[in-house]
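Observations on chain architecture
Letter by letter, the chains look like this.
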Amino acid sequence: MNKVYSDTGNVLLGLEEAQNNRLAQPSQFAEYTVLLIEEGRGIFHADFASFAFTAPVLLFSTPQQSIYIKEAQSLKYTMLQFHSDFYCIEYHRNEVACNGLLFNNIYIEPSLKLSAQQLESYIQIINQITSEFRQPDPSDIVLRAYLQLFLAKSSSIKLNTGEKQKVIKDEKMELFKQLLEKHFLTLHKPGDYASLLSMSPNNFSRQCNRCFNKTPSQMIQERLILEAKKQLHLTRLSIKEIAFALKFEDEYYFSRFFKKMTKISPQAFRSTTGISIVADLSS
């Protein structure tokens, strides 16, 4: 296992090869996590979502998501993790274009199917990272460059292969996405969206499950939590101010809701993930 630590002892960059399923039980990490699955298959669970995968594939998760792999068969994978303090995907969005594509998107699977040739290219990058770790004095600049290459390559493949649109096309569900983005702060019941879509609640639920593999309630809650995580990570607003911005009655109700959904309090989330450097750029 190879890791770079901050002065305070936090993991900034980590690389671990696993022959068995280390993620058999739910785990939460303060870092962004990418699994390069070279062999095997299973079912990947990330918070509200779950889906089957077969190697070779990349799986992505954001800080403090609850992730685990069930029904694993002959797994061989490498786990690459990085903290936002080491590489801020929001700050480097123009270079890697991964935020909203590989991470932080509730509408598409956080995965990327690879060809044998693409898998080999990722293994080469992993080997280069490993080689740098083995140097007497590993260079953060070099490691950061390899990580940027890894993410930029993933974004490029996902865009060029049409993986960005890996959902079943459905006019009503496309409209639901637009409505959810517009009203998630104020409309929290599936019936509200079913009415706007002129659909029966049962039909709406079936279509939502078919397109997104999630219930309408899960979609609504996940969108609200995603916004809360953004506010906690990308701004210096207080917990009380964030609760107000998200239309909660008070900060205590917001904190209870956030912890129920994520298994961690808003303050703990902010403490472990940190506040992004983009929080100060606007000023």
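Residue indices follow the written sequence of each chain, beginning from 1 at its first position. Reporting of local features is limited, given that this is a predicted model, to residues whose pLDDT is at least 70; pairs of side-chain atoms are given and counted only at 80 or more, and all residues count toward the totals for whole chains, interfaces and linings. Only hydrogens and water are removed before side-chain values are computed, so all heavy atoms of the structure are retained for them.

1. Some details on the packing of helix 7 (residues 216-234) against helix 9 (residues 251-262)
- Close contact between helix 7 and helix 9 brings their axes to 11 Å; oriented N to C, the two are set at 110°. Relative to helix 9, the element helix 7 is oriented roughly perpendicular. Of the two possible hands of crossing, helix 7 and helix 9 adopt the one that is left-handed. Each of Gln-221, Leu-224, Ile-225, Ala-228, Lys-229 and Leu-232 in helix 7 lies in contact with helix 9, whose residues at this interface are Phe-254, Phe-257, Phe-258, Met-261 and Thr-262. Lines fitted to the C-alpha atoms define the axes, with helices restricted to the stretch that makes contact. Angles between their N-to-C directions range from 0 to 180 degrees. Secondary structure elements are defined from DSSP: runs of H or I of at least 4 residues count as helices, runs of E of at least 2 residues count as strands, and each element is numbered from the N terminus. Here roughly perpendicular refers to angles of 65 to 115 degrees, roughly parallel to angles under 35, roughly antiparallel to angles over 145, and oblique to all remaining angles. The hand of a helix crossing depends on one turn: near helix anticlockwise from the far one by less than a right angle means left-handed, and clockwise means right-handed. By definition in these notes, contact holds between two residues if any of their heavy atoms fall within 4.5 Å.

2. A look at the pairing of strand 1 (residues 2-5)
- As judged from the four bridges shared by strand 1 and strand 2 (residues 11-18), these two strands associate in the antiparallel manner. Directly across from Lys-3, in strand 2, lies its bridge partner Gly-14.
- At least two DSSP bridges between two strands are needed for those strands to be called paired. In this structure, the hairpin formed by strand 1 and strand 2 is closed by a connection of five residues, where Gly-9 is found at a positive phi of approximately 95°.

3. Remarks on the nonpolar core
- We define a nonpolar core as any set of buried Ala, Val, Leu, Ile, Met, Phe, Trp, Tyr and Cys residues linked to one another through side-chain atoms lying within 4.5 Å. When accessible area is computed with a 1.4 Å probe and restricted to protein chains, residues below 20% of their type maximum are described as buried, those above 50% as exposed, and intermediate ones as partly exposed. Core analysis: the largest hydrophobic core is formed by 34 residues, its most contacted members being Met-173, Phe-176, Leu-180 and Phe-254.
- Residue assignment for this core shows that the elements contributing at least two residues are helix 4 (171-183), helix 5 (190-196), helix 6 (201-212), helix 7, helix 8 (239-245) and helix 9.
- The element best represented in this core is helix 7, accounting for seven residues.
- Those residues within four positions of Leu-180 in sequence are excluded, and the remaining contacts are Ile-106, Tyr-107, Tyr-193, Met-219, Ile-220 and Arg-223.
- Listed in part, the 32 residues of the second largest apolar core include Val-96, Phe-103, Leu-112 and Ile-129.

4. Section: the side chain of Glu-132
- Note on placement: Glu-132 falls in helix 2 (residues 116-133).
- With no salt bridge to any partner, buried Glu-132 finds its closest opposite charge in Arg-134, at an N-O distance of 11 Å.
- Look past the residues within four positions of Glu-132 in its chain and what remains in contact with it is Asp-137, Pro-138, Ser-139, Val-142 and Leu-143. Asp and Glu count as negative and Lys and Arg as positive, but His and the ends of the chain are not part of the count. Put simply, a salt bridge is a Lys or Arg side-chain nitrogen that is within 4 Å of an Asp or Glu carboxyl oxygen.

5. Concerning helix 3 (residues 140-160)
- The end-to-end C-alpha separation of helix 3 is 30 Å, in line with the 30 Å expected for 21 residues at 1.5 Å each.
- Within helix 3 the residues assigned to the buried category are Leu-143, Leu-147, Phe-150, Leu-151, Ser-154, Ser-155, Ile-157 and Lys-158. For helix 3, the angular spread of the buried residues around the axis is 170°, confining them to a single face. The exposed set on the far side of helix 3, more than 90 degrees from its buried face, consists of Ile-141 and Asn-160.
- By the criterion applied in these results, polar contacts are pairs of N or O atoms within 3.5 Å in which, for protein atoms, one can donate a hydrogen and the other can accept it, and in which residues neighboring in sequence qualify only through two side-chain atoms. At the N-terminal end of helix 3, a side-chain oxygen is found 3.3 Å from the backbone nitrogen of Ile-141, two or three residues along, and the residue is Ser-139. Here the expected span of a helix is defined as 1.5 Å times the quantity of residues minus one. The arc in question is formed by the directions pointing from the helix axis toward the C-beta atoms.

6. Description of the packing of aromatic side chains
- In summary, the pairing rule links any two rings of Phe, Tyr or Trp, Trp by its six-membered ring, whose centres are within 6.5 Å, and it sorts them by plane angle into stacked for under 30 degrees, edge-to-face for over 60 and tilted for everything else. A complete count under the given rule lists 15 aromatic pairs for this structure.
- Seen from their ring centres, Phe-82 and Phe-103 are 6.3 Å apart, and the 75° between their planes marks the pair as edge-to-face. In this pair, Phe-82 sits in strand 6 (residues 67-82) while Phe-103 sits in the loop between helix 1 (93-96) and strand 7 (111-113), placing the two residues 21 residues apart along the sequence. For the pair formed by Phe-82 and Phe-103, the shared burial category is buried.
- Pairing Phe-254 with Phe-258 gives two aromatic rings, centres 6.0 Å apart and planes at 55°, and the pair type is tilted. Of this pair, Phe-254 and Phe-258 both sit in helix 9, separated by four residues, roughly a single helical turn. Across the pair, exposure class does not vary: Phe-254 and Phe-258 are buried alike.

7. Observations regarding a nonpolar patch on the surface
- Here, patches come from residues exposed beyond 30% relative accessible area and free of salt bridges, joined within 9 Å for like charges and within 5 Å for nonpolar side chains (Val, Leu, Ile, Met, Phe, Trp, Tyr). Only the protein chains shown count as cover for residues, and the accessible areas themselves come from Shrake-Rupley with a 1.4 Å probe. Residues Tyr-91, Ile-277 and Leu-281 make up a contiguous nonpolar surface patch of about 310 Å² in total accessible area.
- Tracing the sequence through the fold places Tyr-91 in the loop between strand 6 and helix 1.

8. What to know about the side chain of His-83
- For His-83, the position within the fold is in the loop between strand 6 and helix 1.
- A distance of 2.9 Å separates the side chain of His-83 from the backbone nitrogen of Asp-85, its partner in a polar contact.
- With sequence-adjacent residues up to four places away left out, His-83 is seen in contact with Val-11, Leu-12, Ala-30, Glu-31, Thr-272, Thr-273 and Gly-274.

9. Let's talk about helix 4
- Taking 1.5 Å per residue as the helical rise, helix 4 with its 13 residues ought to reach 18 Å, and the 18 Å between its terminal C-alpha atoms agrees with that figure.
- The inward-facing, buried residues of helix 4 abut helix 5, helix 6 and helix 7.
- Residue Asp-170 occupies the N-cap position of helix 4, its side-chain oxygen lying 2.9 Å from the main-chain nitrogen of Lys-172.

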